[in-house]
Amino acid sequence: DQQVKQNSPSLSVQEGRISILNCDYTNSMFDYFLWYKKYPAEGPTFLISISSIKDKNEDGRFTVFLNKSAKHLSLHIVPSQPGDSAVYFCAASGKGNTPLVFGKGTRLSVIA
Amino acid sequence: KAGVTQTPRYLIKTRGQQVTLSCSPISGHRSVSWYQQTPGQGLQFLFEYFSETQRNKGNFPGRFSGRQFSNSRSEMNVSTLELGDSALYLCASSLSPDGELFFGEGSRLTVL
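Here the structure is a predicted model, which is why all the values come from computation and not from measurement. (Residues numbered from 1 in each chain as written. Chains lettered and ligands numbered in written order. Predicted model: local features only at pLDDT ≥ 70, side-chain atom pairs only at ≥ 80, totals over all residues. Heavy atoms only, no water.)

Undergrad: Would you mind showing me how to read the interface of chain A and chain B here?
TA: How large an interface is tends to be reported as the accessible area lost when its parts come together. Counting residues at the interface gives 17 residues for chain A, matched by 19 residues for chain B. Summed over the shared surface of chain A and chain B, the number is zero salt bridges. Summed over the shared surface of chain A and chain B, the result is two residue pairs in polar contact (both at pLDDT 80 or more). In the side of chain A that touches chain B, the residues fall into eight nonpolar, six polar and three charged. (Contact = heavy atoms within 4.5 Å. Salt bridge = Lys/Arg side-chain N within 4 Å of Asp/Glu carboxyl O. Polar contact = N/O pair within 3.5 Å; in protein donor to acceptor, adjacent residues only side chain to side chain. Nonpolar A, V, L, I, M, F, W, Y, C, P; charged D, E, K, R; others polar.)

In structure tokens, the structure reads:
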């Protein structure tokens, strides 16, 4: 049972436009959400996170939105750059002794 | 500060063999987690260790095992390898069990 779902395996966006990556979760006990970025032949690197007490967190070109009632979060990248081309993983964790649960990832291609 | 180091980076085994993968965490990090990444399933949690104790275990068969040493280095072992064990095995370390994960580049295992 996939607790964190990224329903779009891939996404292509023109350079300079907005990239929107979506993530849904089913476990209402999740209270902390993260996005990781992964280039080929490298490990995932932390990008941005959001706590369930917030509905938006912004860091430069990256903004994460959380809609708790819909159990949905999204990552916005504006403007998109070719260097943003990577696989993006959504992850979630709950309180206490619980490991991070990852989605299957979305491959973003930013076309120049 | 050196990052998370995983060895070997690439290896090829045949069905029925066993394999041991090694992970050296970032200096000072005492928590180590292991994940399996496959194209169809994303990152799936294997185990988490803190101070030589396994704190969490994912939903993998008993052929998958791990341990952590007093210097926080960790190893995972897969016995009686199956074709489906072919994957990228990622190790991540953190200062504490709830801390930010820093991933290594992974060990890519191919089972023939």
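Undergrad: Looking at this model, I keep getting lost on the sheet that holds strand S3 (residues 19–25) of chain A. Mind explaining?
TA: Strand pairs in the sheet, formed through backbone hydrogen bonds, run parallel or antiparallel to each other. Residue and element names in this part refer to chain A. Taken together, the five strands give an open sheet; going across it, the order is S1-S3-S8-S7-S6, and neighbouring strands pair in antiparallel fashion. On the outer flanks of this sheet lie strand S1 (4–5) and strand S6 (56–59), each paired with one strand and no other. Summarising the sheet, S3 and strand S8 (residues 72–77) pair through six bridges and their orientation is antiparallel. Within the sheet, the bridge partner assigned to Asp-24 lies in S8 and is His-72. (Pairing = 2+ DSSP bridges. Helix = DSSP H or I, 4+ residues; strand = E, 2+ residues; numbered from the N terminus.)

Undergrad: Explanation requested: the pattern of salt bridges in the structure shown.
TA: Pairing between side chains of opposite charge can happen when the charged atoms of each approach one another. Residues and elements named next belong to chain B. Applying the stated criterion to the full structure yields nine salt bridges over all chains. With a closest N to O distance of 2.8 Å, Arg-9 and Glu-105 form a salt bridge. Of the two residues, Arg-9 sits in the loop between strand S1 (5–7) and strand S2 (10–13) while Glu-105 sits in the loop between strand S10 (102–103) and strand S11 (107–111), which places them 96 residues apart along the sequence. In this structure Arg-9 comes out as partly exposed when scored by relative accessible area, which is 27%. Take Glu-105: its relative accessible area is 38%, and that puts it in the partly exposed class. (Buried < 20%, exposed > 50% of the residue type's maximum accessible area, 1.4 Å probe, protein only.)

Undergrad: Got a minute to help me understand the state of the cysteines in this structure?
TA: When the sulfur atoms of two cysteines share a covalent bond, that bond is a disulfide. Residue and element names in this part refer to chain B. Under the criterion given, the structure shown has two disulfides over all chains. The disulfide partner of Cys-23 is Cys-91, and the gap between their sulfur atoms is 1.8 Å. Looking down the S-S bond of the Cys-23 and Cys-91 bridge, the torsion is -60 degrees, so its handedness is left-handed. One end of the pair, Cys-23, is in strand S3 (residues 19–24); the other, Cys-91, is in strand S9 (residues 87–94), and 68 residues separate them in sequence. The residues Cys-23 and Cys-91 share a single accessibility class, namely buried. (Disulfide = S-S within 2.5 Å.)

Undergrad: Even after reading the chapter, I still don't get the sheet that holds S1 of chain B, so can you show me in this structure?
TA: All names here are of chain B. If you trace the four strands from one edge of the open sheet to the other, you get S1-S3-S8-S7, paired in antiparallel fashion. A strand with exactly one partner marks an edge of an open sheet, and here the two such strands are S1 and strand S7 (64–68). Going across the sheet, the axis of each strand differs from the next one's by a mean of 15 degrees, ignoring polarity. Where S3 meets strand S8 (residues 74–78), five bridges bridge the pair, whose relative direction is antiparallel. Residue pairing across strands places Leu-21 opposite Met-76, the latter belonging to S8. (Axes fitted to C-alpha atoms, helices over the stretch in contact; angles between N-to-C directions.)

From the geometry alone we can't say anything about function, so treat these as descriptive.
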